[in-house]
Amino acid sequence: MRKARLLCLTDKYEYELISSTGKYKEDYIGQVGDIVHVHKTLTGNGSATNLFDITFEDGAMFCVEREQIEFVEDLE
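Anyway, here's the lowdown on the structure attached to this text. (Residues numbered from 1 in each chain as written. Predicted model: local features only at pLDDT ≥ 70, side-chain atom pairs only at ≥ 80, totals over all residues. Heavy atoms only, no water.)

## Comments concerning the overall build of the protein
- For the protein, the helix and strand inventory stands at zero helices and five strands.
- Overall, the protein shows an N-to-C arrangement of helices and strands of β-β-β-β-β.
- Reported as C-alpha extents along the three principal axes, the dimensions of the protein are approximately 35 × 30 × 20 Å.
- Looking at the 76 residues of the protein, the share that counts as buried comes to 26%.
- Long-range contacts, defined here as pairs at least 24 residues apart, represent 51% of the contacts in the protein between residues at least 6 apart.
- Element-wise, carbon and sulfur atoms account for 50% of the exposed surface of the protein, whose accessible area totals about 5100 Å². (Helix = DSSP H or I, 4+ residues; strand = E, 2+ residues; numbered from the N terminus. Buried < 20%, exposed > 50% of the residue type's maximum accessible area, 1.4 Å probe, protein only. Contact = heavy atoms within 4.5 Å. Areas by Shrake-Rupley, 256 points an atom, 1.4 Å probe, with all protein chains shown as cover.)

Here's what the structure looks like:
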């Protein structure tokens, strides 16, 4: 499974997002999670962008944009 590290939040609304674990999305910055799904979304000008669902070890899941993550090697 592909893994990625959450690097940053990009929008002010993200600071208020809470996972099912009760933790804020901001609490996961720097942590590595599994990419479980990739959404290809069309933008208003006809181009496409990818959104990634990332799941962390405690079960928290968030949708992130490409610039918010860095892909990492799976060391397992």
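## Looking at the packing of aromatic side chains
- Applying the stated rule across the entire model yields three aromatic pairs.
- A network of ring pairs unites the aromatic residues Tyr28, Phe56 and Phe62 as a single cluster.
- The ring centre of phenylalanine 71 lies 3.6 Å from the NZ or CZ of arginine 2, which sits over that ring. (Phe/Tyr/Trp six-rings, centres within 6.5 Å; stacked < 30°, edge-to-face > 60°. Lys NZ or Arg CZ within 6 Å of the ring centre and 35° of its normal.)

## Observations regarding a nonpolar patch on the surface
- Together, Met1, Val36 and Met61 make up a nonpolar patch on the protein surface, roughly 310 Å² of accessible area in all.
- Among the residues examined, methionine 61 registers a relative accessible area of 47% and is labelled partly exposed. (Patch = residues over 30% accessible without salt bridge, like charges linked within 9 Å, V, L, I, M, F, W, Y side chains within 5 Å. Salt bridge = Lys/Arg side-chain N within 4 Å of Asp/Glu carboxyl O.)

## Quick notes on the state of the cysteines
- Scanning the entire structure with this criterion turns up zero disulfides.
- Cysteine 63 provides the cysteine sulfur closest to cysteine 8, a residue in no disulfide bond, and the two sulfurs are 14 Å apart. (Disulfide = S-S within 2.5 Å.)

## Here's the deal with the nonpolar core
- Counting 11 residues, the largest nonpolar core consists of Ala4, Leu6, Tyr28, Ile35, Phe52, Ile54, Phe56, Ala60, Phe62, Val64 and Ile69.
- Counting residues per element, the ones that place at least two in this core are strand S1 (3–6), strand S3 (48–55) and strand S4 (61–65).
- In this structure alanine 4 touches Gln31, Val32, Gly33, Ile35, Ile54, Ile69, Glu70, Phe71 and Val72, once residues within four positions along its chain are discounted. (Core = buried A, V, L, I, M, F, W, Y, C linked by side-chain atoms within 4.5 Å.)

## Things to note about the pairing of S4
- Burial of the side chains of S4 is restricted to one face: Phe62 and Val64 are buried, whereas none of Met61, Cys63 and Glu65 on the reverse face is.
- Once S3 ends, the chain turns through five residues before running back antiparallel as S4, passing glycine 59 with a positive phi of about 100°. (Pairing = 2+ DSSP bridges.)

## Some points on the side chain of glutamate 14
- Along the chain, the position of glutamate 14 falls in the loop between S1 and strand S2 (32–42).
- Not counting chain neighbours up to four residues away, the residues in contact with glutamate 14 comprise Leu9, Lys25 and Gln68.

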